[in-house]
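# Understanding the architecture of this molecule
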Amino acid sequence: MARELSEVGVVGLGTMGAGIVEVLARAGLQVTAVEIDASALERGRAHVQQSTDKAVERGKLDIADQAAMLDRVRFTTALTDLADAELVVEAVPERMELKTALFAELDGICPPDTILATNTSSLSVTELSVATGRPSKVVGMHFFNPAPVMKLVELVRTVVTEPSVVEDVEALAARLGKTDVTIGDKAGFIANALLFGYLNHAVSMLESRYASREDVDAAMRLGCGLPMGPLALMDLIGIDTAYEILDTMYRQSRDRLHAPAPMIKQMMTAGLLGRKSGRGFYTYAGRDSADVVPDAATPTEGGAAEGARPVRRVGVVGSGTMATGMIEVFAKGGFDTLFVARAPEKVEAVQKALAKSLDKQVVRGRLDEATRDEVLGRVTGSTALDDLADVDLVVEAVVESLAVKQTLFAALGEICRPGAVLATTTSSLPVIECAKASERPGDVVGLHFFNPAPVMKLVEVVSTIATDPDVAATAHAVCAQLGKHAVSCTDRAGFIVNALLFPYLNDAVKMLQAHYASADDIDAAMKVGCGYPMGPFELLDVVGLDVSLAIERELYTEFREPGFAPAPLLEHLVTAGYLGRKTGRGFRDHTSR
């Protein structure tokens, strides 16, 4: 049975350490908070005071409880004051020599049964443990920042950690109101191992000038529902901290995807450390400010749409879910919209689906009846491609087959008037192949909407090496009229979103395949620790394992990056017909849901 701890200590009172002190004291424990000198101690005390003052202001803590909580904290500069602690958490800077020296000193001060916990996010807990004479009493207790807010704690056991120690710390995490995941000792643990590979990839994307910082961040916020874009998150974490974590992960894994992008080292050397220095990938109003201010790299408002061709009539080819959603979006955006389906019954089905969608919006008060009728009046259906001869823009949303799309673009190249823009909404195929088939490649652009099109704000505008500048500008101008947020990139597998998302999902599958953590724990770590709307396995089951495998194969084929090779476990599940929710089983069993 787990011990109920009552006397604990925290060493290091920076933002993280002070947050841990607050969490422990608010849970009713007596806390000894230690810093290296008087000035650092006062800064730590001020952190705790300010944080709890804010909690009082927001009604999350009353004044009496704040006073009682602060009375439970003893601030000191003497490590010897930890002589009676049952557990000590270190939160000193992320340097191995500093942490091992501290643990060696604590080993001589604390009683033999005191648990020593490290809040490291990347260093080896095993290496830290052997600096003591009690390696079986050492555990990782990785809180997330800010500790009073973030619910996740990664509990890291080494190969020699006693089961009773793990039980004690798990019981403490539950008492603190935290979600804990208990895992083995591996660089990055769960959350950072998955997060930092993705962040590093985003930096590489910017470094190669594939997309701008604003577009990379907007793509992941709007396309995946993430709370922050990767580059803004790097600035929040600290460029130097990110470098140290990636370098530690690379030295342990030798995975090239964990080798810090050269740009990260250069920024660190130049002192561009993110928010804490006032400048990183973005420029801030001052040190430690969250307010982004314009700088030389800030794009001009509306600049991407300059020189656009006029568009009044739009054509959509296709009759599936994506095509129907796009038809609604264009018509609601004020464009006369002609859609082409393969058969009269397909045309009728689209019209019924469109009317049903608009009727729902009227019932919910999002649309009035007059506007609904206007939107429906702008839409015309046909079964003849020749009817697209006079439109200004055609967007295809047919099956994701290169051969089918090439045949279609060959026809559109002949049918559509000179100057009409031809767009594909492919999510994975080379846009240049469609452009070449049209025999008018300058007029062709990728216009990748996200599903469901009426809801999702993001559109990836994909230019090939042959796309005329005014064609890309036209795509941006149309997106602006539709109320969509357009991001620019060039024509390579995955564009922005899928190129960043699917290697992260693949890494999660590899982690599960290696039996490092369960699907539930991995999902919990990313949702609770990183604020993701869905865990990787939840998302894979929704997207479809077959679709995910196809995208990962496209990425691997194009980039030849060994780390992008699809995880064998994913391939085996697809072979077995376990494709996710649509078949009732994927990484989880959905038959009873």
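Shown above is the structure to which this text applies.
From a predicted model like this one, the values you see are computed outputs, not experimental measurements. (Residues numbered from 1 in each chain as written. Predicted model: local features only at pLDDT ≥ 70, side-chain atom pairs only at ≥ 80, totals over all residues. Heavy atoms only, no water.)

### Comments concerning the overall build of the protein chain
As a reminder of what qualifies: Helical segments are the DSSP runs of H or I of at least four residues, strand segments are the runs of E of at least two, and each set is numbered from the N terminus. Just to be clear, the radius of gyration here is over C-alpha atoms, and the globule rule we use is 2.2 Å times residues to the power 0.38. Burial status follows relative accessibility: with a 1.4 Å probe on protein chains alone, a residue under 20% of its type maximum counts as buried, one over 50% as exposed, and anything between as partly exposed.
When you go through the protein chain residue by residue, the secondary structure sums to 22 helices and 18 strands. Relative to the globule expectation of 25 Å for 593 residues, the C-alpha radius of gyration of the protein chain, 28 Å, shows essentially globular dimensions. With the C-alpha coordinates aligned to their principal axes, the bounding extent of the protein chain is approximately 85 × 50 × 50 Å. When each of the 593 residues of the protein chain is scored for burial, the buried share is 53%.

### A short note on the sheet that holds strand β8 (residues 179–183)
Sheet strands pair via backbone hydrogen bonds, and the direction of the pair is either parallel or antiparallel. Definition in use: Between any two strands, at least two bridges found by DSSP are needed for them to pair. Axis definition: a line fit to C-alpha positions, over the contact stretch in the case of helices; interaxial angles, taken between N-to-C directions, run 0 to 180 degrees. The contact rule is simple, with two residues in contact once any of their heavy atoms fall within 4.5 Å.
In space, the 8 strands of this open sheet follow the order β3-β2-β1-β4-β5-β6-β7-β8, with mixed pairing throughout. Edge positions in the sheet fall to β3 (73–76) and β8, since each has one partner strand and no second. For this sheet the average axis-to-axis angle between neighbouring strands, irrespective of direction, equals 25 degrees. On the sheet, helix α1 (residues 15–26) packs against β1 (7–11), β2 (30–34), β3, β4 (87–90) and β6 (138–143) and is oriented at approximately 170 degrees with respect to β1.

### Here's the deal with the packing of aromatic side chains
Under the convention used in this document: Two aromatic rings from Phe, Tyr or Trp, using only the six-membered ring of Trp, form a pair when their centres are within 6.5 Å; if the ring planes differ by under 30 degrees the pair is stacked, by over 60 it is edge-to-face, and anything between is tilted. Counting as a charge over the ring demands two things of the Lys NZ or Arg CZ atom: a distance within 6 Å of the ring centre and an angle within 35 degrees of the ring normal.
Considering all chains together, one arrives at 5 aromatic pairs under this definition. Ring geometry for Phe-559 versus Phe-564: centroids 6.1 Å apart, planes at 85 degrees, classification edge-to-face. Judged by relative accessible area, Phe-564 falls into the buried class, the value being 8%. Among the aromatic residues, those joined into a ring-pair cluster are Phe-330, Phe-335 and Phe-449. Taking the ring centre of Tyr-516 as reference, the NZ or CZ of Lys-186 above it sits at 5.1 Å. A cation sits over an aromatic face here: Arg-492 above Tyr-210, 3.9 Å from the ring centre.

### Side note on unusual backbone geometry
The residue after Asn-145, namely Pro-146, is reached through a cis peptide bond having omega -5 degrees. Position of Pro-146 among the secondary structure elements: in the loop between β6 and β7 (152–156). Each neighbour pair has its own omega, and for Asn-451 with Pro-452 the value is 0 degrees, a cis peptide bond. Within the element layout of this structure, Pro-452 appears in the loop between β16 (444–449) and β17 (458–463). Despite not being glycine, Arg-209 shows a phi value in the positive range, around 60 degrees.

### As for helix α21 (residues 545–559)
Where we set the bar: Here, expected helix span is obtained from the residue count minus one, scaled by 1.5 Å.
For α21, spanning 15 residues, the distance from its first C-alpha to its last is 21 Å, which sits close to the expected 21 Å at 1.5 Å a residue. Backbone geometry just after α21 places Arg-560 at a positive phi near 55 degrees.

### What to know about the sheet that holds strand β18 (residues 485–490)
Across the sheet, 8 strands lie side by side as β13-β12-β11-β14-β15-β16-β17-β18; this open sheet has mixed pairing. Single-partner strands in this sheet number two, and they are β13 (379–382) and β18. Within this sheet the neighbouring strands show an average axis-to-axis angle of 25 degrees, counted without direction. Note: strand β14 (residues 393–396) against strand β15 (residues 421–424), 4 bridges, orientation parallel. The partner of Glu-396 across the bridge, within β15, is Thr-424. Relative to the sheet, helix α16 (residues 431–438) contacts β15, β16 and β17, its axis offset from that of β16 by approximately 140 degrees.

### Overview of the state of the cysteines
Defined as follows: Disulfide assignment relies on a single distance test, namely cysteine sulfur atoms paired within 2.5 Å.
Considering all chains together, one arrives at 0 disulfides under this definition. In this model Cys-479 remains outside any disulfide bridge; the closest cysteine sulfur is found in Cys-489, 12 Å from its own. The buried category is assigned to Cys-479, whose relative accessible area is 0%. Cysteine Cys-530 remains unbridged, with the sulfur of Cys-224 as its closest cysteine sulfur at 14 Å.

### Regarding the pairing of β15
For the record, the criterion: A clockwise path from the first strand over the helix to the second, with the strands pointing away from the viewer, defines a right-handed crossover.
Of the two faces of β15, both are covered, the one formed by Val-421 and Ala-423 as well as the one formed by Leu-422 and Thr-424. For the crossover that starts at β14, traverses helix α15 (residues 402–415) and ends in the parallel β15, the hand is right-handed. Pairing analysis gives 3 bridges linking β15 to β16, with the strands arranged parallel. Bridge pairing links Thr-424 to Gly-446 in β16.

### Quick look at the packing of helix α7 (residues 191–207) against helix α10 (residues 239–253)
This is how it is decided: Under this scheme an angle from 65 to 115 degrees is roughly perpendicular, one under 35 degrees roughly parallel, and one over 145 degrees roughly antiparallel; angles in between are oblique. Working rule for handedness: look at the near helix, and if it is turned counterclockwise from the far one by less than a right angle, call the crossing left-handed; if clockwise, right-handed.
It is the contact of α7 with α10, at a shortest axis distance of 10 Å, that shows an interaxial angle of 110 degrees. Taken together, the axes of α7 and α10 are roughly perpendicular relative to one another. Crossing geometry of α7 relative to α10 is assigned as left-handed. In this structure, α7 uses Asn-192, Ala-193, Phe-196 and Asn-200 to contact α10, whose residues at the interface are Ala-242, Ile-245, Leu-246 and Met-249.

### As for α1
The end-to-end C-alpha distance of α1, which contains 12 residues, comes to 17 Å, matching closely the 16 Å that a straight helix rising 1.5 Å per residue would cover. Most of α1 sits out of view: 10 of its 12 residues are buried. Looking one or two residues beyond α1, the residue adopting positive phi is Gly-28, at roughly 95 degrees.

### Some details on the environment of Leu-408
Mapping Leu-408 onto the fold places it in helix α15. Here Leu-408 falls in the buried class, since its relative accessible area comes to 8%. Remark: the alpha-carbon pair of Leu-408 and Val-317, spanning 91 residues in sequence, is separated by 9.1 Å. Beyond its immediate stretch of four places on either side in the chain, Leu-408 contacts Val-317, Leu-385, Glu-396 and Val-398.

### Quick look at the side chain of Thr-337
In plain terms, the rule: Residues adjacent in sequence count toward polar contacts only when both atoms are side-chain atoms; beyond that, a polar contact is any pair of N or O atoms within 3.5 Å, and within protein one must be able to donate a hydrogen and the other to accept it.
The residue Thr-337 is located in strand β12 (residues 336–340) in this model. A polar contact is formed between the side chain of Thr-337 and the backbone oxygen of Phe-335, at a distance of 3.0 Å.

### Focus on the side chain of Ser-438
Of note, Ser-438 is situated in helix α16. Discounting residues that sit within four places of it in the chain, Ser-438 has contacts with Phe-409, Ala-410, Gly-413, Leu-422 and Val-444.

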